[in-house]
Every structure is written in structure tokens, then in C-alpha cells.
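Single-letter residue listing:
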Amino acid sequence: MEPENKQITIERECRLMSTIDYKETIPNNVNLSGDRRLQRALEKWQPAFLNWWDELGPEASANHEIFLRTAIDVSPKGWAHFDMVKMPEYRWGIFLAAEEEERKIGFGQHKGENAWQEVPGEYRSELRRLIVTQGDTEPASVEQQRLLGLTCPSLYDLRSLFQINVEEGRHLWAMVYLLHAYFGRDGREEAEEMLMRHAGDEDKPRILEAFNVPTKDWLSFFMFTFFQDRDGKFQLSSLAESGFDPLSRSCRFMLTEEAHHMFVGENGLGRVVLRSAQLSADNDTLEIQKYGGIPLPMIQKWMNFHFSICLDLFGQEKSTNAANFYTMGLKGRYMENKIDDDHLLENDSFLIPEFKNGKVMMNEVSALTSINERLRNDYRDDCQRGVDRWNKIISEAGIEYSLTLPHTAFNRNIGTFRNMYFTPEGRPISKEKFENQRNTWMPSAADREFVMSLMVPVTNPGEMAGWLTAPSRGIHGKDIDYEYVRLH
Ligand code: BYC
């Protein structure tokens, strides 16, 4: 479709469905044109964002036409428009979920008060810090994944990667809007900094550690989208509970996009696991490298690494920051309003793991200071559901092997278990033993080299790399052999 016609189609669909204005330079549903100063400031940030995308976004991708979905509505049903789009022409914009009338704060010392439409002065720095930390992860993930497009296992997968990348870009826009609209000059400075820090940069790294690790191969990409994007789900859900309504509304809409990212991870890993299990069954061995598959024990190593670095993303087990965020009404718990308690937590307790008398034991502490740990537990349970599904795939293929999430103490860099050494089962060991065994538990250089050797681009419509199976269905009603990306 010609760009002009495409624009008309989007505009027509928008008129029918929503309040997002696509005629604006920055599409939005926040009446940006009603605030000229803000509009000008964001229009100044826009070219910096596009430059960043050009430099550190998906490599050599500017001319590809990609079957992308674009948000055109913020209601849960029918919010997306699908079309062939070049990524630099993607309409990044500012979309907040619809305002809930008379929304009340659901927890902390302001419980029951009206949600704030402006930033409460006394919580300004805490709120800014949360928004900056959240915002920083979005461009980080794009930077981490920038070379993956060169080695896609299929056009279907390439399209998923690019879809995720453009949406992470939009999630950055969501946080940058909040900074510009509600935090004045320091908000604008923070927005600039978002494009200055870079994943893995020694001098100016991204804020959270897991966002500085390169994602070089597609097994890592699927792990990332399963484990790391799932941290996004839990953090965004907690921020969606916020008493600061614009943050809550931003996160609620981001979550609808995030769901697809986790689907890519879960489904992608399911396809890798299925191929590995099939090859193991056909050849009666787990050693399937020579048949072009990734051995299940190698997948386990990738899992040990990704899960453990993602556990760190939840912060310390005991955190006064987290307790303050909760009491102030800035960041709640996962599904706060479904939890049956007083939502103040001043007299409640929670069990957290601690290392005592040579072993990991559960210790009862204040529920307020253990908010991070509670979220980490919710996250772990959610991850386990995916692992159970992959184990079902393995057992249905007749293979006796199961994947397991490593113990919470394994390979940790934040919190109680930092600078301590444990096996994946949670047995304490010396640093020396850990280092000796590291390569049997997590990807070794040779493992990474082997997986990289499988990363040969497959770009004919419908064809798949040999190390994973085809997905069971295509995207938005299209067949699997649809040309999801027209490479140019
Ligand atoms: N790395 O009191 P604590 C996503 C620091 S992913 C480095 O436990 P707190 C996405 C911490 O800053 C979701 N440093 O911290 C996924 C603190 O420093 P100070 C992202 C860390 O504040 C895929 C100190 O250690 N969103 O959306 O309770 C693709 C003490 O720690 C780390 C959010 O994270 C770390 N991992 O908890 C794209 C939500 N952890 O005060 C996108 C917003 C802790 O000593 N962030 N530290 O200088 C938060 O809610 C909190 O900042 C955290 C940390 C939960 C991350």
C-alpha cells in the first residue's frame, strides 16, 4: 500500500475506534496540541530519539517492510492496526489507558484518597526515580537486541523481533512523556539521559544490570523475552497500581503490548524445546549438536543464566525503598486489588530467604520491607508455569529429561545472596568450586560458540532454521509462509 493510502486507512480506523490522533507529528491520546510548550519539548526530543534508533536500533533494517501492528485504540478489544511498515516510519506515540472515573488509591497511607493527577511534591524524587528506572530498560532492550535481525531463524521470527523493538521504543515514549509532562526541567534532562546511557557501555551503562548483557543469539532472545520481559510484566503491573494516575494509565496500556513479548518468548522456547526433544528421540541421545539441534542440557544452562540475572531485577529481599514506595502509594503489589488484606501492611509479615547456620532458611520479616521479595515470588511462579509446559513437550516426545528453574540463591548479584556461592539446587559451596563448575551450569564460551554457529539467517518465506520447529500458526490470520518481512 502507498504510504499516503496507509495513512488514510489508519486515520479512518482511528476515527471509528478511538481518540488517538494520528494526524499529529506525535500521535497521542493526551491532547498534546492543547499544551504547546509540552508539544514543542517533545517534538524536540523526537529527532534525538530517531537518531538513536538509527544508530543503536535494529542493524541494517531501515528499508525492510514489516508486517507490524500499530496501536490505534487503547481499549482491550481491537486496538491494533496491521500493515507493512518501515520501522523508521512507525508511528511512535503517547497512549494512556482510558481514565477511570473517580479512581482511588488502593494501598499505603493514602489508601481511599482520589488518585493524583499531578505529582505530589513530597514524592517527586521517588516517583521520578521509578519512572527513570522503568524508562531506561526500554531502549536498553532494543540496544541489546540490535544485531539479532542479521541471523533470524525465519521471517516470522524476524517480524516478532522488530515488533518487540518498535514497541519497546514506544514504551520509552510512554515514560519520556511522563518525565516531560510532569517533572519540568529535570524531567527533560532525564529524558535526554535515556538516549545517552547505553546497554553495556562501560562509562554510561544502563541502570539495571541485566540490561547491560548483550543478546547475541536467538536462544538468548527467546530467554530474554520469556524471563526479562516477564519482569516487565510484574514491574509494570505494580506500577499500574500507582496512586499517580498518569503512570498507572501508561503502564496499563504498556501491559497490553507486553503480553505479546512474553508470548514470543514462551512460544519460541517451546519450539526450540520441541525440536531438541524430537532430535533426541529420533537419535536416542541428548547429544544432538551434530544433528543441528540445541541439547536440552544446554537450554537448561541458558535458563540458569537468564532466570538468575532476572531475579536480581526485583531488588533486595529487604528493601526500605520498596517499603517507602508502597507506603507512599507509588508502587503496589502484583494484583493489589485482588489481595485480601488491609493494603497497609503495617502489622503483617512475610517470609524471605536468608542464609543462616550454613543453609538457606526462611525468616519472617515485615511485609512492607519484603515487597520486592513478594513480587519475585509471584514472578517465579509465573515462570514455573512456562517451564511446566516445556517439560510436557519433552515428556510427550518420550524423553526423560526435565528443565528446572535454579534455586533463588544461585548466581545472584543483588540482595542477600550477593557474593555467596550456591549450586543450582541451592547448596552452598565455596567460590572456588563455583568457578570450577560455572561452565557446567551456565553457558560456556564453547556453548555460546556452538549456538552462534546455528544462527544462520533463514529468509525465504515459510522456511525455518533447523534448530526450532515452525510455529503452529501465523500472525493476525496470515499463513506461516506469509512474507512477514520484505527485505530491502
Ligand atoms: N541492578 O532497595 P533495593 C522491563 C540498586 S523490566 C542494579 O532493593 P529497590 C522490560 C537499587 O537501585 C522492568 N542495581 O532497590 C523488560 C538501590 O540503589 P541505591 C523495569 C540495582 O529500589 C524487557 C540498591 O540497589 N522496571 O520493563 O527496592 C524489555 C538497593 O536496592 C538492582 C522496574 O524495574 C539491579 N538489578 O528495587 C524491556 C520498575 N536492583 O538506592 C523492558 C522500577 C537494585 O542504593 N524500578 N539495585 O542507590 C523499581 O521498582 C526498583 O528500582 C527496583 C529496585 C525493583 C528495580
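Just above sits the structure.
Report on the accompanying structure. (Residues numbered from 1 in each chain as written. Predicted model: local features only at pLDDT ≥ 70, side-chain atom pairs only at ≥ 80, totals over all residues. Heavy atoms only, no water.)

A few points about the pattern of salt bridges
Opposite charge on two side chains lets them pair, provided their charged atoms get close. Enumeration over the complete set of coordinates arrives at 31 salt bridges. One salt bridge in this structure joins Glu354 and Lys356, with 3.9 Å as the shortest N-O distance. Salt bridges here are not isolated pairs; linked through shared partners, they connect Arg124, Arg128, Asp186 and Glu190. (Salt bridge = Lys/Arg side-chain N within 4 Å of Asp/Glu carboxyl O.)

A few points about the layout of surface pockets
A volume near 770 Å³ is recorded for the largest pocket. Put simply, the parts of the chain that give the lining of the largest pocket at least two residues each are α3 (124-144), α6 (218-240), α8 (296-312) and α9 (320-328). (1 Å grid on protein atoms, 1.4 Å probe; cavity = no way out; pocket = protein on both sides within 12 Å on 5 of 7 lines; lining within 4 Å. Points joined across faces, edges and corners; volume = space filled by probe spheres on them. Helix = DSSP H or I, 4+ residues; strand = E, 2+ residues; numbered from the N terminus.)

A closer look at the packing of aromatic side chains
Tallying each qualifying case throughout the model produces 35 aromatic pairs. Arranged with centres 4.9 Å apart and planes meeting at 75°, the rings of Phe49 and Trp92 form a pair that is edge-to-face. Of this pair, Phe49 sits in helix α2 (residues 36-56) while Trp92 sits in the loop between β2 (80-85) and α3, and the two are 43 residues apart along the sequence. Take Phe49: its relative accessible area is 0%, and that puts it in the buried class. You can call Trp92 buried: its relative accessible area is 4%. Geometrically, the ring pair formed by Phe314 and Tyr379 is tilted, given 4.8 Å between the ring centres and 45° between the ring planes. On the criterion of sequence distance, the pair formed by Phe314 in the loop between α8 and α9 and Tyr379 in helix α10 (residues 371-396) is long-range, its members being 65 residues apart. Residue Phe314 shares its accessibility class with Tyr379, and that shared class is buried. Following the ring pairs from residue to residue traces out a cluster consisting of Phe226, Phe227, Phe234, Phe307, Phe314, Tyr334, Tyr379 and Trp390. Over the aromatic face of Trp302 sits the side chain of Arg448, whose NZ or CZ is 5.3 Å from the ring centroid. (Phe/Tyr/Trp six-rings, centres within 6.5 Å; stacked < 30°, edge-to-face > 60°. Buried < 20%, exposed > 50% of the residue type's maximum accessible area, 1.4 Å probe, protein only. Lys NZ or Arg CZ within 6 Å of the ring centre and 35° of its normal.)

Details of the packing of helix α7 (residues 245-283) against α10
The interhelical angle for the contact between α7 and α10, taken along N-to-C directions, is 25°, at an axis separation of 9 Å. In this view, α7 runs roughly parallel relative to α10, as classed from their interaxial angle. For the element pair α7 and α10, the recorded crossing hand is right-handed. On α10, the residues that touch Glu266, Leu269, Gly270, Val273, Leu274 and Ala277 of α7 are Gly386, Arg389, Trp390, Ile393 and Ile394. (Axes fitted to C-alpha atoms, helices over the stretch in contact; angles between N-to-C directions. Parallel < 35°, antiparallel > 145°, perpendicular 65-115°, else oblique. Left-handed = near helix turned anticlockwise from the far one by under 90°. Contact = heavy atoms within 4.5 Å.)

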